[in-house]
Amino acid sequence: MATILCVEDEDALREDLVEELEDEGYTVLSAKNGEEGFKIISENKNLDLVLSDISMPIMDGFELLRQVRENEASFSDIPFVFLSALSDRDQILEGKKLGVDDYVIKPVDFDLLFATLATRVRQISKIKQKQEKKMVALYKALSAEEKSAEEPSQNTTPTAQVPKQKNTAQEPTPQTASSPPKFPETGKLVTGRFQLLGLDKLKEKLSGKTDKYMTKIQTVVQNVVSKNLSPEDVCKIGDDHEMMICFAKLSEDEAAYKIESIKREIWIKVLGEEDYQEELSINSQVYEIEVEEEEYANAKNPWDLIQDRINKAAAAAEERVEIFISEILERAEVRFTKLQNTDGKPLPISVATFDSFGQDKLNSINQVIKADDPRCLIVQGSYIGQTIAYMISNLSDMAAGVVLKISYQLCINKKEFENALGLLEKLPKVARDRMIIAITDIPPKLHLSQLSDLMMRIRPFCKMGMTEFQLEMPSDQSFDMVGASILMLDFHEAKALIKYSKPAFVQAIKTLRLKKKKLLITNVPENQIGICKNLGANFIDVRS
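Cut-offs used in this document
- Residues numbered from 1 in each chain as written.
- Predicted model: local features only at pLDDT ≥ 70, side-chain atom pairs only at ≥ 80, totals over all residues.
- Heavy atoms only, no water.
- Core = buried A, V, L, I, M, F, W, Y, C linked by side-chain atoms within 4.5 Å.
- Buried < 20%, exposed > 50% of the residue type's maximum accessible area, 1.4 Å probe, protein only.
- Helix = DSSP H or I, 4+ residues; strand = E, 2+ residues; numbered from the N terminus.
- Contact = heavy atoms within 4.5 Å.
- Axes fitted to C-alpha atoms, helices over the stretch in contact; angles between N-to-C directions.
- Parallel < 35°, antiparallel > 145°, perpendicular 65-115°, else oblique.
- Nonpolar A, V, L, I, M, F, W, Y, C, P; charged D, E, K, R; others polar.
- Arc of directions from axis to C-beta.
- Polar contact = N/O pair within 3.5 Å; in protein donor to acceptor, adjacent residues only side chain to side chain.
- Pairing = 2+ DSSP bridges.

## A closer look at the nonpolar core
- Ranked by internal contacts, the top residues of the largest apolar core, which has 43 residues, are I365, I384, L424, M435 and I439.
- Of all the elements, helix α13 (residues 374–393) adds the most residues to this core, at 7 residues.
- Beyond its immediate stretch of four places on either side in the chain, I439 contacts I406, Y408, L451, L454, M455, I458, M466, T467 and E468.
- Counting 23 residues, the second-largest nonpolar core is a separate cluster that includes L196, V225, C235 and V286.

What follows is the structure in structure tokens.
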């Protein structure tokens, strides 16, 4: 059973809570103020949940939560449930900003308390089981590679094992790290590089088996890369596990696709699950670089020259991103597109998006940096601010509702999410009553409890919550816990779902109907409005 820390300054209530929780089967630790509670949290690594009063001497519940979230990395995500005699909205908002998970109002209804704790403990259990399952998958996947890992080529070392040498005179062999590529006749080299990230976290979980499994991981990576290279391609492995590949016959776009294929196979081979990216990820870049024949011939180590050119290409790409961001912040405007129903009649709801200039620049950014790059959050923060500024200045004659899209990546970035909530909190009530917040860019198979927690945090600031539509979600028995009234689906994704998985889509729509959910289809071409009826949409967002 779970271990719970109970922090309460009233002796009689604390004793009652401990007794009742122990009767429910929990292991219970107790403290009479936040300072004692923080000490216990720091010293107990098996703690599962904190049940804390808010108003306490020495250190109150808010400060305890703040200290844990900011200073105790191993407990930064531990669930917090507040006991409070204060049902004041400001108190609840303060707790939400700090990351509290739930509230129980005094006097304590023990049945409600037990139900609340049981829900949170189940979520903890599911997350732990998921992590354990992934580690088992990791061990199995690496063990499956053990045989090949124990048979290295006699003529190579672990740092020069990619590509493998083949003993055949008929077929050219890929060059090893000791042999840089020949100077290209065009003076241009298509180069890619990628590096395993998150190895430190992985080593922590592997514990005493680190050396054994890290050797296997490197061998698996080398084998995958070797298999995907042509005989004319060249690869170099650095001491920091970074690989540089020079592609002999591929264009920049083709090389980028090849690198993505290699990354995908490494995830599956090493981790046993295609979607496992929480602990291990791979950073990659692909560029076409230019070199001069004389400098290439005179270079002490051509690989150093190639590395220098890659760094300069990466720096140029970064500079382009900064220019795009500056232009978006200075020149892009928010536009409001009216929604309509499937009969083509306008609805009193608009979707807020960048204008065509801002959208073009945003697309340019997406081509050179990752979606979770913090700078994307700067752009989105500006977009949120502009939307709110519009609402405040147009409250008298604006549409009855405005859909504001917030990326999931922003929501999980604590600092940027708090900034966004700060903007929303400044909205007058009349604006808040018209705001519909939609969480977009949701990762595949996101655990419903995570989405539910995000919805709980944004609901005080908006009329209703929305989320992107995923086929796995409506079939889940716990779908109602997400708290979203409307689900969003891109038009092209909807057509693809019908084409490749029509029975599943139809069943999902039926489930939505039973659960009283609405479906919004976005980016609908003007000449395709009629098809939205067949897709089961309630609202559509038309793009000219």
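## Focus on the packing of helix α11 (residues 302–331) against α13
- It is the contact of α11 with α13, at a shortest axis distance of 10 Å, that shows an interaxial angle of 10 degrees. Taken as axis vectors, α11 and α13 run roughly parallel relative to one another. Across the interface between the two elements, E318, V321, E322, I325, I328 and L329 of α11 pack against R375, I378, V379 and S382 of α13.
- Here the residues of the contact of α11 with α13 sort into 6 nonpolar, 1 polar and 3 charged.

## Considerations on helix α2 (residues 34–43)
- Those residues of α2 not exposed but buried are G34, G37, F38, I40 and I41. Each buried residue of α2 lies within a common arc of 165 degrees when the element is viewed along its axis, so the set occupies one face. Among the exposed residues of α2, those pointing more than 90 degrees away from its buried face are K39 and E43.
- Each element contacted by the buried residues of α2 is listed here: β1 (3–7), β2 (27–31), β3 (49–53), α3 (61–71) and β4 (80–84).
- Two to three positions downstream of the cap, the backbone nitrogen of E35 sits 3.1 Å from a side-chain oxygen, assigning the N-cap of α2 to N33.

## Details of the pairing of strand β11 (residues 346–354)
- Taken across its 9 residues, β11 has 7 buried, putting it largely inside the fold.
- Note that strand β10 (residues 334–340) and β11 share 6 bridges and pair antiparallel. From the neighbouring strand, K338 faces β11, where its bridge partner is S350.
- A loop of 5 residues connects β10 with β11, the two strands running antiparallel in sequence, and G344 in this loop sits at a positive phi of about 85 degrees.
- As judged from the 3 bridges shared by β11 and strand β12 (residues 401–407), these two strands associate in the parallel manner. Considered in β12, the bridge of S350 is made with V402.

## A short note on the sheet that holds strand β15 (residues 486–490)
- Spatially, β10-β11-β12-β13-β14-β15-β16-β17 is the arrangement adopted by the 8 strands of the closed barrel, whose pairing is mixed. The average undirected angle you get between the axes of adjacent strands in this sheet is 30 degrees.
- Across the sheet, α13 is in contact with β10, β11, β12 and β13 (435–440); its angle to β12 comes to roughly 165 degrees.

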